[in-house]
Amino acid sequence: MTTYGPSHDVIIIGAGFAGSCLAWMLKDQPVRVALIDRNLQYPPSFRAEKLEQQQADLLDKFGLLEARQPLADPISQVECFRKGQRYHEDVGLQYGIHYTDTVNQLRTQALPHVDFYQGKVVDVITSSTYQQVQLENGKKLTARLLVLATGGNVINPLAFKLGMRQQATRELRSLSFAFDICRADGQPYDFQSFNYFLDPREHQIDYVTLFPIGDSVRINLFTQWHPKDMRVRAMRRSPMQELDEYFPGLFEQIGDSVLTGSDKVALFPTQYYQLSKVEQPGIVVIGDEFQSVSPATGKGLSKVLTDVDVLSGLIPQWLETDGMTVDKIQQFYRHPDKQAVDSLAKREWVYLADNALHPEIISKVKRKLAKLMGVG
Ligand SMILES: Cc1cc2nc3c(=O)[nH]c(=O)nc-3n(C[C@H](O)[C@H](O)[C@H](O)COP(=O)(O)OP(=O)(O)OC[C@H]3O[C@@H](n4cnc5c(N)ncnc54)[C@H](O)[C@@H]3O)c2cc1C
């Protein structure tokens, strides 16, 4: 009688930043990898458009930075404007990147080393030995380990089916706007990157940042507004006027500017969550699917790249022995590097939220708490 083993050692569901990097990192190991994504190409998306020095260093360690460099815009100095003062900060070497182009390039680099399947994964069955996934077209694949790298915001139904749940914190939210501008006189801007900080208690705005991306200058505005806030509609309708009101003197500093491109203002709301009940046999969850990030902290890719760094070191060891039991999987979630970057990303979000609270609200909350606890 013929017995069949699993079709692959590892199946990665999701070929975004996390999944594509992980596939690439396993290329030199004797590991058969299947990479699955519902789209052949990553669709246009506004996110993670600035690569910080520490993130670029990790990409470099993975051997993935060099191919990116010709397409990225280097930023070594950021002009800052705070409380009427302009000063500049050295930031090492950052890059303005197009997320979509970057992910598609990472995917292209990983593809020769994996079996790539286009299709939506609609079902998973996990155990401490073999895992099975089913694609929308009915195709089934099996492996010893599943990696869920499906991005975030709303919990993926596959994680939900396995009993995982998003533990959300409603107070930690973020709403980001993105659009492109150029100088009204057609001249180039006199900065590589420009950040304008407000007192966040006034308008619950974290900051606005301008940086080069391809032929344009991109504006990212990070707020803590609720998506139904009246200010959101106004910002989408007339972003230049609204910016001028919220950021006095901005256009004197950078020069009169106009919207470019499609004149579209992209909007991205997010809220803090971390996935619970993840320590299960046979499956690991990485990237935004595991924990969300406030775009204002710029820590998303640090989390993604650390997950990839840690997991790509563990997988070859796990495959050396039979089974994919919880004690193996726990090594990932409990790894000090992973825990450090996840908690840093959350702490920075909490810091932004605390800063945006008006002192009156803080004392009101404190009074309420004291009353509830029967103190004072
Ligand atoms: C507005 C915004 C701005 C940001 N700015 C920054 C920044 O400046 N710096 C920074 O470090 N981070 C930033 N971040 C965070 C960063 O974008 C994320 O941390 C990162 O993109 C997450 O990558 P990922 O691989 O987890 O998800 P993704 O790159 O979204 O990949 C998920 C993939 O899974 C696939 N998929 C999903 N479900 C299925 C399924 N059932 N079957 C098959 N395939 C599936 C999708 O098609 C997709 O390709 C920002 C985020 C946002 C929202």
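Residues numbered from 1 in each chain as written. Predicted model: local features only at pLDDT ≥ 70, side-chain atom pairs only at ≥ 80, totals over all residues. Heavy atoms only, no water.

1. Concerning the overall build of the protein chain
Across its full length, the protein chain carries 13 helices and 16 strands. The C-alpha radius of gyration of the protein chain comes to 23 Å, within 12% of the 21 Å expected for a compact globule of 376 residues. With the C-alpha coordinates aligned to their principal axes, the bounding extent of the protein chain is approximately 80 × 60 × 35 Å. Residue burial in the protein chain is summarised as follows: out of 376 residues, 50% are buried. Sequence-distant contacts in the protein chain: of pairs separated by 6 or more residues, those separated by 24 or more amount to 71%. (Helix = DSSP H or I, 4+ residues; strand = E, 2+ residues; numbered from the N terminus. Rg over C-alpha atoms; globule rule 2.2 N^0.38 Å. Buried < 20%, exposed > 50% of the residue type's maximum accessible area, 1.4 Å probe, protein only. Contact = heavy atoms within 4.5 Å.)

2. Some points on the domain arrangement of the protein chain
Each domain of the protein chain was delimited in the assignment, giving domain 1 (8-75 + 95-169 + 272-355) and domain 2 (173-269). The straight-line distance from the C-alpha centre of domain 1 to that of domain 2 is 30 Å. Carbon and sulfur atoms make up 58% of the area that domain 1 and domain 2 hide from each other, which totals about 1,800 Å². The interface formed by domain 1 and domain 2 includes 5 residue pairs in polar contact (both at pLDDT 80 or more). Per element, the largest residue contribution to the side of domain 1 that touches domain 2 is 4 residues, and it comes from helix α12 (residues 336-355). (Domains from an automatic or database assignment. Buried area = accessible area lost by both parts, 1.4 Å probe. Polar contact = N/O pair within 3.5 Å; in protein donor to acceptor, adjacent residues only side chain to side chain.)

3. Points about the site of the ligand
Close contacts around the ligand come from 35 residues, with A18, D37, Y99, D288 and L301 the closest. Contact between the ligand and F17: an oxygen atom at 3.2 Å from a main-chain N or O atom of the residue. Between the ligand and V121 there is a distance of 3.0 Å, counted from a nitrogen atom to a backbone nitrogen or oxygen. For the ligand, the protein covers 96% of the area, taking 1,000 Å² as the surface of the free molecule. Looking at the shell around the ligand, the elements that each hand over two or more residues are α1 (17-25), α4 (99-110) and α10 (300-320). In terms of residue count, α10 provides more of the shell around the ligand than any other element does, 3 residues in total. Class assignment for the residues of the shell around the ligand results in 15 nonpolar, 11 polar and 9 charged. (Near = heavy atom within 4 Å. Areas by Shrake-Rupley, 256 points an atom, 1.4 Å probe, with all protein chains shown as cover. Nonpolar A, V, L, I, M, F, W, Y, C, P; charged D, E, K, R; others polar.)

4. As for the pairing of strand β11 (residues 193-197)
Here β11 lies mainly inside the structure; 5 of its 5 residues are buried. Neither face of β11 is left uncovered, since the one carrying S193, N195 and F197 and the one carrying F194 and Y196 both have all their residues buried. Here strand β4 (residues 73-82) pairs with β11 via 5 bridges, running parallel. The residue of β11 that forms the bridge with R82 is F197. (Pairing = 2+ DSSP bridges.)

5. Some thoughts on the packing of α10 against α12
With their axes 9 Å apart at the nearest point, α10 and α12 run at an angle of 170° to one another. The angle between the axes of α10 and α12 places the two elements in the roughly antiparallel class. Together, S302, K303, T306, D307 and V310 of α10 and D337, K338, V341, D342 and A345 of α12 make up the contact between the two elements. Grouping the constituent residues of the contact of α10 with α12 by class yields 3 nonpolar, 2 polar and 5 charged. (Axes fitted to C-alpha atoms, helices over the stretch in contact; angles between N-to-C directions. Parallel < 35°, antiparallel > 145°, perpendicular 65-115°, else oblique.)

6. Some remarks on α4
Spanning 12 residues, α4 covers 16 Å between terminal C-alpha atoms, matching the ideal 16 Å at 1.5 Å per step. Counting buried residues along α4, 10 of its 12 residues qualify, which places the element largely inside the surrounding structure. All buried positions along α4 are accounted for by Y99, T100, T102, V103, N104, Q105, L106, R107, Q109 and A110. (Expected span 1.5 Å × (residues − 1).)

7. Let's talk about unusual backbone geometry
One non-glycine residue, K83, lies in the positive phi region at around 50°. With respect to the element layout, K83 can be found in the loop between β4 and β5 (85-96). The exposure class of K83 is exposed, given its relative accessible area of 80%. Look at Q204: it is not a glycine, yet its phi comes out positive at around 55°. What makes Q204 partly exposed here is its relative accessible area of 24%.

8. Some thoughts on the pattern of salt bridges
Enumeration over the complete set of coordinates arrives at 18 salt bridges. With a closest N to O distance of 2.9 Å, D123 and K161 form a salt bridge. You can see D123 sitting in strand β7 (residues 121-125) and its partner K161 sitting in helix α5 (residues 157-161), a full 38 residues away along the chain. Between E348 and K299 there is a salt bridge, with the nearest N and O atoms lying 3.9 Å from each other. One end of the pair, E348, is in helix α12; the other, K299, is in the loop between β16 (283-285) and α10, and 49 residues separate them in sequence. Among the residues examined, E348 registers a relative accessible area of 26% and is labelled partly exposed. One network of salt bridges, in which partners are shared, links R47, D288 and K303. (Salt bridge = Lys/Arg side-chain N within 4 Å of Asp/Glu carboxyl O.)

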